[in-house]
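The chain contents come next:
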Amino acid sequence: MAPAASAPVPPTPSTNPASPPVPASAPSAASASVPPTPSTNPASPPVPASGPLAASAPVPPTPSTNPAPPATPAPPAVPAPAPGAAPAPVPPAAPAPAAARGWETRPGGPPAGHQPTEAGGQVRLPAGAPVPVPGAGPGTAAADAAHAAVAVLLIGPAGAGKTTVARHWADTRRVPTAHISLDDVREWVRSGFADPQSGWNDHSEAQYRLARRTCGFAARNFLANGISCILDDAVFPDRPVVGLGGWKRHVGPGLLPVVLLPGLEVVLERNAARSGNRRLGDEEVARIHGRMAGWYGSGLPIIDNTQQDVATTARLLDDVVARSLASPPSW
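Residues numbered from 1 in each chain as written. Predicted model: local features only at pLDDT ≥ 70, side-chain atom pairs only at ≥ 80, totals over all residues. Heavy atoms only, no water.

**Re the sheet that holds strand β2 (residues 177-181)**
What counts here: When DSSP finds two or more bridges between a pair of strands, those strands are recorded as paired. Only DSSP runs of H or I covering at least 4 residues are called helices, and only runs of E covering at least 2 are called strands; the numbering of each starts at the N terminus. By the convention used here, residues are in contact when the closest approach between their heavy atoms is within 4.5 Å. Where helices are involved, their axes are fitted lines through C-alpha atoms of the stretch in contact, as for all axes, and angles between N-to-C directions lie from 0 to 180°.
Read across the open sheet, the 5 strands follow the order β2-β3-β1-β4-β5; overall the sheet is parallel. A single partner strand is all that each edge strand has here, and the edge strands are β2 and β5 (302-303). As paired strands, β2 and strand β3 (residues 228-233) are joined by 5 bridges and run parallel to one another. Considered in β3, the bridge of H179 is made with I230. The sheet contacts of helix α2 (residues 162-172) involve β1 (151-155), β2, β3 and β4 (256-260), and relative to β2 the element is tilted by about 165°.

Encoded structure:
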């Protein structure tokens, strides 16, 4: 008789119902993936589980906010010359365009002694400094009046012919010369122009000072670049606030003041030929002319052009400038 089969022994119930049975681990068993912990920060993506057998997901590259510049191609290799052969000639560099040299294309090419230019192609200009006294310093030779770069201030009443003589003198000199009229600069102000005929007040004085400073700035820059200049203004000897001191401060001690003072009859006649705000009343002209007589005895050179035409007066101005360069006036 065969032996009876053994009945299976039921498992012993666990005394800790909360603990599930722990499965046996074996080297060949696959590791279970741990579910990701939900993030409290919605912006952070879930972190995948990592394990010895888990495949690593490829990390996408971070887009660059500053793309790299394109690579500069390398210059072509120059083959070495054969032994005993003469070296190959080096071709000359291509000339820079005209804009980079700072001068326009013209038939004669660049001017002689052309100065280097800035990066943008502008001509590099010397800065305007105060004009020094002519012939200053020991052993300094007197400047040639016909060729020297000078700054002249032509003073006189309305109707003296300052602007006409100054323009003619600048036109006929042998060297580059500019004419700067203070009245013209004052009238650059269109809206809100303070007309002196309406009365001299703080507004008109402020515009006068601004125009004088602008003229001085232009004169210094002209002189710094080898261009003479002649300025004209009705400077009163009895008003030092707006007198020669301001011109000396804005132009420099090398400014050469010259007074142009014809007779009253000539001044009234010339003023009558004017128009617009340049024409003054006869009484105002006579009053200004009388105040200008205070320049006599000041030590400044004075030209009486009552009987002289414009060309003759310009030649007299040349003589005065030559004497002033040889012996600068004290003012």
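**Quick word on the pattern of salt bridges**
Short version of the rule: One speaks of a salt bridge when a side-chain nitrogen belonging to Lys or Arg is within 4 Å of a carboxyl oxygen belonging to Asp or Glu. Burial classes follow relative accessibility: with a 1.4 Å probe on protein chains only, a residue under 20% of its type's maximum area counts as buried, one over 50% as exposed, and anything between as partly exposed.
Summed over all chains, the structure comprises 3 salt bridges. Put simply, E205 and R209 hold a salt bridge, and the shortest N to O gap is 3.1 Å. Highlighted residues: E205 and R209, both in helix α4 (residues 202-224), separated by 4 residues, approximately one helical turn. Take E205: its relative accessible area is 16%, and that puts it in the buried class. Between E284 and R287 there is a salt bridge, with the nearest N and O atoms lying 2.5 Å from each other. A residue pair is termed a helical-turn pair when its members lie 3 or 4 positions apart in one helix, as E284 and R287 do in helix α7 (residues 282-292) at 3 residues.

**Focus: the pairing of β1**
Across the 5 residues of β1, 5 count as buried, placing the element largely inside the fold. The side-chain alternation of β1 yields two buried faces, one formed by A151, L153 and I155 and the other by V152 and L154. In this structure, β1 lies alongside β3, joined through 5 bridges in parallel fashion. In the sheet register, V152 faces β3, and the bridge partner there is I230. One ladder, built from 4 bridges, connects β1 with β4; its direction is parallel.

**Looking at the confidence of the model for the protein chain**
The predicted coordinates ought not to be read in detail in places where the model reports low pLDDT. Filter applied, for reference: One number per residue, pLDDT, summarises how confident the predictor is, and it ranges from 0 to 100.
Per-residue confidence for the protein chain gives a mean pLDDT of 74, with 56% of residues at or over 70. The least confident element of the protein chain is helix α1 (residues 98-101), whose mean pLDDT is 42; the most confident is β2, at 97. The low-confidence segment residues 49-56, where pLDDT is below 50, has 2 contacts with residues more than four positions distant or belonging to other chains. Counting contacts from residues 96-110, a segment whose pLDDT is below 50, to residues more than four positions away or on other chains yields 16 contacts.

**What about the packing of α2 against helix α8 (residues 310-326)?**
So the rule is basically this: Note on terminology: angles under 35 degrees are roughly parallel, angles over 145 are roughly antiparallel, angles of 65 to 115 are roughly perpendicular, and the others are oblique. Only Asp, Glu, Lys and Arg are considered charged, only Ala, Val, Leu, Ile, Met, Phe, Trp, Tyr, Cys and Pro nonpolar, and every remaining residue, Gly among them, polar.
Between α2 and α8, whose axes approach to 9 Å, the crossing angle comes to 70°. Between α2 and α8, the angle is such that the two are roughly perpendicular. For the pair α2 and α8, contact is made by T164, V165, H168 and W169 and by V310, A311, T313, A314, L317, D318 and V321, respectively. Split into classes, the residues belonging to the contact of α2 with α8 amount to 7 nonpolar, 3 polar and 1 charged.

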